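Understanding the architecture of this molecule
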Amino acid sequence: MEKLTYEQVLQMDLPNIIVYAAPVMIAFTLLEWGISQYKHRKTYDNKDTLAAFSIGVVNLIITAAIKIATFGIIIFFYNLAPFKIEPSWWGFILCLIWIDFWRYWSHRIAHTCRFWWATHVTHHNSEKYNFSVSFRLSWTQHIKIIFFIPVALVGFDPVTFFICHQIEVLYQFWIHTEYIRKLPKPIEYIFVTPSHHRVHHGRNKQYLDKNYGSTFIIWDRIFNSFEPEVEKPDYGITTPVNSYNPVYLNFHEWMDIFRDVRKSRTLKQALVMIIESPSKIADK
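Since the model is a prediction, treat every value here as computed from it, not as a measurement.

Analysis parameters
Throughout, a residue's number is its position along its own chain's written sequence, starting from 1. Where totals are concerned, whole chains, interfaces and linings use all residues; where local detail is concerned, this predicted model gives features only for residues with pLDDT of at least 70, and gives and counts side-chain atom pairs only at 80 or more. Hydrogens and water are ignored here; the side-chain numbers use all heavy atoms of the structure. Strands are runs of DSSP state E lasting at least two residues, helices are runs of H or I lasting at least four, and both sets are numbered from the N terminus onward. Atoms counted for the radius of gyration: C-alpha only. Globule rule: 2.2 Å times residue count to the power 0.38. Think of it in three bands: residues with accessible area under 20% of the maximum for their type are buried, residues over 50% are exposed, and the middle band is partly exposed, with areas taken using a 1.4 Å probe on protein chains only. A contact between two residues is defined here by any heavy atoms of the two lying within 4.5 Å. Here an angle of 0 to 180 degrees is reported between the N-to-C directions of two axes, which are lines fitted to C-alpha atoms, with helices fitted over the stretch in contact. Comment on the angle field: the value is read as roughly parallel under 35 degrees, roughly antiparallel over 145, roughly perpendicular from 65 to 115, and oblique elsewhere. Take the far helix as your reference; a near helix turned counterclockwise from it by less than a right angle gives a left-handed crossing, and one turned clockwise gives a right-handed crossing. One side-chain nitrogen of Lys or Arg within 4 Å of one carboxyl oxygen of Asp or Glu is enough to make a salt bridge. Under the convention used throughout, the expected extent of a helix is 1.5 Å for every residue step, that is, one less than its residue count. What the arc covers is the set of directions going from the helix axis to the C-beta atoms. N or O atoms within 3.5 Å of each other form a polar contact, as long as, within protein, one can give a hydrogen and the other can take it, and as long as residues adjacent in sequence are counted only when both atoms are side-chain atoms. Remark: nonpolar core denotes a set of buried residues (Ala, Val, Leu, Ile, Met, Phe, Trp, Tyr, Cys) joined through side-chain atoms within 4.5 Å.

Here we take up the overall build of the protein chain. Summing up its helical and strand segments, the protein chain has 14 helices and zero strands in all. Tracing the protein chain from N to C terminus, the helices and strands come up as α-α-α-α-α-α-α-α-α-α-α-α-α-α. At 19 Å, the protein chain has a C-alpha radius of gyration in line with the 19 Å of a compact globule built from 284 residues. For the protein chain, the spread of C-alpha atoms along the principal axes amounts to about 55 × 55 × 35 Å. Taken over 284 residues, the protein chain has a buried fraction of 48%. Look at the contacts in the protein chain between residues 6 or more apart in sequence, and 75% of them connect residues 24 or more apart.

If you want it as C-alpha cells, here you go:
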C-alpha cells in the first residue's frame, strides 16, 4: 500500500474551517458582551476578555507555525496503520466519535496529572464564563497531539482527521455561555451542552473534575465523571492567579512546577511534583 506524503496532503487544499468561523465567533462574542452590558450583568470583565483574545491570537499563530510538525506526526502514524479508512460520510462519523473518545481521555488526564494540567490550566483560570473563554487555549497545548496518535493508527485518512478535529474544536465555542440554559433531555443526555460545561468550569466542591466530554457527554456517563448542574457554578481555579497578563496566564503552572521540582530533595519527590494530581498538590 502506497504511503501518503505531507506534500500530497498539502496539494489537497484542505479547508481551514476555524479561520472561516472566526468572524462569526467574534461577532457572537461581541453580541453576548453587548447583551451583558445592556442587562448590567457581570458576565464579562473587559481586561479578562482582552487577555482571552490575546491568548487566542497567539495560539492561532503557534498553530500555524507548527502545522507541518503536528500534521506530520499524524501522517507518520497513519502510514503505519495496517489498513486505511478512505474518506466517506460514515468514515467522518466514526472518526468524529473516535477523536471525541480520545479528547475525553486527554482532557481527563489534563485534570489529573500536573504536567498535562500545565497545558490546560489557561482555559480555566478565568473567573468569568462567556464566549471569550473558548479562546483561552494554552500556548503549550499542542504537545497533546500524542493523545491522537490512536486515531491515525486506526487508519482514518489524515484529511478526515483534520476536518473532524476542527469540528471538535469549533463545537467548544457555543457551550461557553450562561445565556443558554438546559436543553431538551435527549440533547442533554448525548451531547455536551452549556449546562454540562458550566459544571466543568466550576470550582464548587461537587463540580471539581467533572464533565470532561468534548462533543459527547456519553463518555462521562460511561466512565463515571458526570455531574449535572444544580447550583450556580463558581468559576475559576481553586487557587486564583489574579492576573490579566497573557504570558503569566499561560506559564504560571509551569513556573510552579519548576519551583517545586527545584525544591525537591529526591528524584521521587520531584517526579511526584510533576505527575501528581493538581488537586492533591494544592492540598499539601
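Closest axis-to-axis distance for the helix H12 (residues 246–263)/helix H13 (residues 267–275) pair is 8 Å, and the angle between their directions is 165°. One way to sum up the angle between H12 and H13 is to call them roughly antiparallel. For the pair H12 and H13, the crossing hand works out as right-handed. Facing Ile257, Asp260 and Val261 of H12, the residues of H13 in contact are Ala270, Met273 and Ile274.

Let's shift gears to the pattern of salt bridges. Considering all chains together, one arrives at eleven salt bridges under this definition. The partner of Asp260 in a salt bridge is Arg259, with the nearest N and O atoms 3.0 Å apart. The class of Asp260 is buried, set by a relative accessible area of 11%. With relative accessibility at 36%, the residue Arg259 sits in the partly exposed group. The network of salt bridges with common partners includes Arg114, Glu253, Asp256, Arg259 and Asp260.

Once that is clear, we can look at helix H3 (residues 46–65). Over its 20 residues, H3 runs 29 Å from end to end, which matches the ideal 28 Å to within 8%, given 1.5 Å per residue. Here H3 has its buried residues at Asp48, Thr49, Ala51, Ala52, Ile55, Gly56 and Asn59. Axial view of H3: buried residues confined to an arc of 155°, hence all on one face. The outward face of H3, more than 90 degrees from its buried face, is lined by the exposed residues Asn46, Lys47, Leu50, Leu60, Ile61, Ala64 and Ala65. Two to three positions downstream of the cap, the backbone nitrogen of Lys47 sits 2.9 Å from a side-chain oxygen, assigning the N-cap of H3 to Asp45.

Attention now moves to the environment of Lys205. Within the secondary structure layout, Lys205 lies in the loop between helix H10 (194–201) and helix H11 (218–222). A relative accessible area of 78% places Lys205 in the exposed class. Along the primary structure Lys205 and Asp234 are separated by 29 residues, whereas in three dimensions their C-alpha atoms are 9.7 Å apart.

Glancing now at the nonpolar core. Cys95, Ile99, Phe148, Val151 and Phe161 are the most contacted members of the largest nonpolar core, which has 16 residues in total. Looking at this core, the elements that each hand over two or more residues are helix H4 (67–78), helix H5 (89–112), helix H7 (149–154) and helix H8 (158–174). Here this core gets three residues from one element, more than from any other, and that element is H5. Here Phe161 is in contact with Ile74, Cys95, Ile99, Phe148 and Val151, once residues within four sequence places are set aside. Counting eight residues, the second-largest nonpolar core is a separate cluster that includes Ala51, Ile55, Ile237 and Leu249.

Just geometry here; none of it tells us what the structure is for.
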